[in-house]
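# Structural description and commentary
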Amino acid sequence: MSGRGKFRIEPFKHRVELDGQYADKTWAVLRDAICQINRRDASGLSFEELYRNAYNMVLHRHGDKLYRGTVQVTKEHLLGVAVEIANSRGDTFVVTLENKWREHQKSMSMIRDILMYMDRIYAPPNSLEPVYDLGLSLWRDFVLRDGAINARVRDYLLGAIESERRGERVDTGAVRAMTRMLMDVGEDVYVHDFETHLLRATTEFYKSESEALLASCDCYAYLRRAEQRLEEEHARVGSYLCARTEAFLVRRAEQELLERPTRRVLGLPNSGLRAMLAEGRVAQAALAYKLYARVEGGLAFVKQVFAEHALEEGKKLVHDPDLNADPVRYVESALSLKRSLDATAKEAFRRDRGFLNALHAAFETFLNLNSRSPEFLSLYVDDKLRKGLKGASEEETEGTLDGAASLFRFLQEKDVFERYYKQHLSKRLLFGRSASDDAEKAFIVRLKTECGYQYTSKIEGMFNDMRVSRDAMRLFRKHLAQTSAGDSGERAEPAKPADAEAASSGRAAGRPSPSVPERPSSSTAECGTLHDSRLGGIDLNVQVLTTGSWPVPAGAAPCLLPPALATACDAYRDFYLAHHSGRKLAWLTSMGTAEVRGVFAGGIRRDLIVSTHQMCVLLLFNDADAFSFSEIADATNVPKDDLRRSLQSLSLVKGRNVLRKDPPTKRVEESDVFHFNEQFTSKLMRVKIGTVSAGKESEPAAEKTRARVDDDRKPQIEAAIVRVMKARRVLDHNGVVQEVTKQLSARFIPNPTDIKKHLENLIEREFIERDRNDRKLFVYLA
């Protein structure tokens, strides 16, 4: 014992000598024991003694003899097992194989315990398999790879799986035992001996089934069957196949049921995806999306069909003559289609960004097929902001404006929409027809969000003019109150005058409120509010419009106003110019309204709300009972087209016909004669007589508008070219076209031919030049 109180075991001082036959004798004992274990007759064995014998053989450098002997004994045993299994017939084959496999596993576990020391000390340094793994390898080589066994195992598994696919019941426990045996022996065995053949059989099975289903089922039934089959394959893997097989197996089923026959399945007549979309079968379309989302690239065709459906429905809409005759219905139909397709994209296609982009592209395409779409959308907005939103809740108003803005987003010619929108907005503002200022401003905010501040600057300027005009009218009335010498007691013939135009810095629009001449014989009129004798008893209201902001007809001459009204307008002109030096006002009589009072047979009095042009026509009948069309045109100086519409409204509209036309045809001709209709009556005390209008422009008027838009585009295209060239200095033709199109796309898509013309124009004006060495390049000249 050492000084620290610990024992130390000293090695033998002499060499231990073993019997020369020790290894053979010991191996004989171990061999007999292994044989007994393989025969399931190990009850009399001493495992402790056997372990010690194996330990000693390894310790005394006889590991090789022990390992090779174990291999040989196990091999001999398995050869006999293979014969026994191969000789089994019918159902006993699987039972025998399963039993022998379990016995072999147990035997190898027991042998592994005896030879544990060899596993740890001898096998690793010599790159040998551990005993248990050795047993699996030997089972693979001498049992599973036996020619009489291997094919039968594979055929049994494939047959059982096919039977189950055909709806038959199979022993899933036995199948599971077989597949696990293959995996336990080695994944390469499972793959090579079974999985490869299973995948091939799966391909053939579902290829055949796909053809049978296409011949007998509609699209939805096919898709449901495919979904069921895929679910079955997932369950099959969980029941008795290796997890690694799932992806490969399901992929083969998807390829044969979905990917390969995609166009045939979704294109089935009367039941395919197009029919589902047309008939609103959203749940069925959702199933198609769900299944084809599993297939790589499978959604491409689904998206294509959806886009084609949207485009086809849109083309029907824009080419429908009935809808083109009614702009409001046209836009409402487009919004209804969009809501329907949006719901489909949401419910069936899970808001897939690719599908939404395809839908937007389809809308952009078909809406721009109709050159009148910008005009129709503006008319729709005008209709809603004039009357369609009265009594609507805030949520309904927001929904209406959002719908209009969503269609506006698809328009390529946003500058055309702007022109029409300003025309319609001007009438709403000047004639007080807007249902809600908040709704007007809310829609402008949406336009600004979509196109930027520059797009709405003039529109917002129109609202600013209205506000400034109200302030100016307050100052004017205050001025009249301060300067008036008092009522003269005279009665005048007042009228609401027209709007006025400023030639340089601003435009003025007047809305006088006249009393009307009494008929049949009185030459005097009852006047409205009498602010100043200088106004002749006329209640005058004027809006001043800024040049460039309002869509007023260029160079339009005012009509000849009645003397009393002309005097009132002159009074406002003097007041305005006294406060704004350097400006000039020009009256726009085509944009004004008036309120006149007429006295008819029996002393019936009615207040008539008319346009300024209509007022000028009615006042003529204080001096005579009848006028021809030509006489009215000469006396009022109203343009003939405007006069024709005014006379139509005054003579041909039932319940508004304060004039009588001779002959009583439905069209106004220059040869017609008009009489004052003394028998006119109405249940309303205030009768509003609007100017007859088709709502949308006639084809000639639309062509003129288009020409004005094209003229407006020319400086914009040239400015964009200069900006691009100034930034890039040198650029080829295609590059210029791309950059200019990109810059202008927020307002319109320029025609490449127009860009080329403006390039040549800028070259002539020496803004740019062609490169001397490469004529395809343009160079900016500073």
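For the structure, see preceding data.
Now for a quick tour of the structure. Owing to the predicted nature of the structure, the values given are computational and were not obtained by experimental measurement.

## Remarks on a positive patch on the surface
On the surface, Lys-390, Lys-427, Arg-433 and Lys-688 cluster together into a positively charged patch. For Lys-390, the location among the structural elements is in the loop between helix 19 (373-388) and helix 20 (394-410).

## Focus: the pattern of salt bridges
Applying the stated criterion across every chain yields a total of 58 salt bridges. Between Arg-409 and Glu-450 there is a salt bridge; the shortest N-O distance is 3.0 Å. Of this pair, Arg-409 sits in helix 20 while Glu-450 sits in helix 22 (residues 437-451), and the two are 41 residues apart along the sequence. On the basis of relative accessibility, which here comes to 43%, the residue Arg-409 falls in the partly exposed class.

## Some details on the nonpolar core
Formed by 87 residues in total, the largest nonpolar core has its most connected members in Leu-223 and Tyr-421. Not counting residues up to four positions away in its chain, the partners in contact with Tyr-421 are Ser-378, Val-381, Leu-385, Arg-428, Glu-440, Phe-443, Ile-444, Leu-447 and Ile-459. Counting residues in hydrophobic clusters, the runner-up holds 60 residues, among them Ile-85, Leu-144, Ala-160 and Ile-161.

## Quick notes on the packing of helix 4 (residues 92-114) against helix 8 (residues 172-185)
Remark: helix 4 packs on helix 8, axes separated minimally by 11 Å, with the N-to-C direction vectors making an angle of 45 degrees. Here helix 4 lies oblique to helix 8, going by the angle between them. The handedness of the crossing between helix 4 and helix 8 is left-handed. On the side of helix 4, the interface is formed by Val-94, Leu-97, Glu-98, Trp-101 and Gln-105, while helix 8 contributes Ala-174, Ala-177, Met-178, Met-181, Asp-184 and Val-185. A breakdown of the residues in the contact of helix 4 with helix 8 according to their chemical character gives eight nonpolar, one polar and two charged.

## Focus: the side chain of Gln-423
Among the structural elements, Gln-423 can be located in helix 21 (residues 414-430). On the accessibility criterion, Gln-423 (19% relative accessible area) is buried. Among residues more than four places away in sequence, those in contact with Gln-423 are Pro-551, Glu-697 and Arg-708.

## Side note on the sheet that holds strand 12 (residues 768-770)
The three strands are arranged 11-13-12 in an open sheet whose pairing can be described as antiparallel. At either end of the open sheet lies a strand with only one pairing partner, and these are strand 11 (730-732) and strand 12. Shown here is a sheet whose adjacent strand axes are inclined to one another by a mean of 30 degrees, direction ignored. Strand direction decides the pairing type here: strand 11 and strand 13 (residues 777-780), joined by three bridges, are antiparallel. Within the sheet, the bridge partner assigned to Val-730 lies in strand 13 and is Val-779. Taken strand by strand, helix 29 (residues 733-744) contacts strand 11 and strand 13, and its axis lies near 95 degrees from that of strand 11.

Here is what the cut-offs are and how they apply
Residues numbered from 1 in each chain as written. Predicted model: local features only at pLDDT ≥ 70, side-chain atom pairs only at ≥ 80, totals over all residues. Heavy atoms only, no water. Patch = residues over 30% accessible without salt bridge, like charges linked within 9 Å, V, L, I, M, F, W, Y side chains within 5 Å. Areas by Shrake-Rupley, 256 points an atom, 1.4 Å probe, with all protein chains shown as cover. Salt bridge = Lys/Arg side-chain N within 4 Å of Asp/Glu carboxyl O. Lys, Arg positive; Asp, Glu negative; His and termini not counted. Charge placed at Lys NZ, Arg CZ, Asp CG, Glu CD. Helix = DSSP H or I, 4+ residues; strand = E, 2+ residues; numbered from the N terminus. Buried < 20%, exposed > 50% of the residue type's maximum accessible area, 1.4 Å probe, protein only. Core = buried A, V, L, I, M, F, W, Y, C linked by side-chain atoms within 4.5 Å. Contact = heavy atoms within 4.5 Å. Axes fitted to C-alpha atoms, helices over the stretch in contact; angles between N-to-C directions. Parallel < 35°, antiparallel > 145°, perpendicular 65-115°, else oblique. Left-handed = near helix turned anticlockwise from the far one by under 90°. Nonpolar A, V, L, I, M, F, W, Y, C, P; charged D, E, K, R; others polar. Pairing = 2+ DSSP bridges.

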